[in-house]
Amino acid sequence: MGVRRLDPAPIIQLWCDPQGRPRLFVWRRRARVVAAIRHRWALKAEWWRGDDAAIARDHYDLVTRDGLRCVIFHDRVADVWHLESVYD
């Protein structure tokens, strides 16, 4: 199984459950219902990077009901969701 990184990562519309977990998103004009979250992790800019670019992201490796496996992330600075990569 290969991973196809989308660059730039497209912005997606996403709806969360009451606990803030992704439940549904739209990509390529198609609604995708999240069936399972396989892994979750967070990224924050480290002080030693020495730049002013704030990075605060929540990443989710997930599978949709129609079989799409992908990684999405929430950019907490811009408050926008992105589709980062899809598994082939």
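Residues numbered from 1 in each chain as written. Predicted model: local features only at pLDDT ≥ 70, side-chain atom pairs only at ≥ 80, totals over all residues. Heavy atoms only, no water.

A. Focus on unusual backbone geometry. Between Asp-7 and the following residue, Pro-8, the backbone shows a cis peptide bond with an omega angle of 5°. Look at Arg-28: it is not a glycine, yet its phi comes out positive at around 55°. Position of Arg-28 relative to the elements: it lies in the loop between strand 3 (22–27) and strand 4 (30–44). With a relative accessible area of 61%, Arg-28 lands in the exposed category. (Helix = DSSP H or I, 4+ residues; strand = E, 2+ residues; numbered from the N terminus. Buried < 20%, exposed > 50% of the residue type's maximum accessible area, 1.4 Å probe, protein only.)

B. Local environment of the side chain of Asp-17. Secondary-structure assignment places Asp-17 in the loop between strand 2 (11–16) and strand 3. A polar contact is formed between the side chain of Asp-17 and the backbone nitrogen of Gln-19, at a distance of 2.9 Å. (Polar contact = N/O pair within 3.5 Å; in protein donor to acceptor, adjacent residues only side chain to side chain.)

C. Here's a closer look at the nonpolar core. In terms of nonpolar packing, the biggest core is built from 14 residues, with Ile-12, Phe-25, Trp-27, Leu-62, Cys-70, Ile-72 and Leu-83 touching the most fellow members. Sorting the residues of this core by element identifies strand 2, strand 3, strand 5 (56–64), strand 6 (69–75) and strand 7 (80–87) as the ones contributing at least two each. Not counting chain neighbours up to four residues away, the residues in contact with Cys-70 comprise Phe-25, Tyr-60, Asp-61, Leu-62, Leu-83, Ser-85, Val-86 and Tyr-87. (Core = buried A, V, L, I, M, F, W, Y, C linked by side-chain atoms within 4.5 Å. Contact = heavy atoms within 4.5 Å.)

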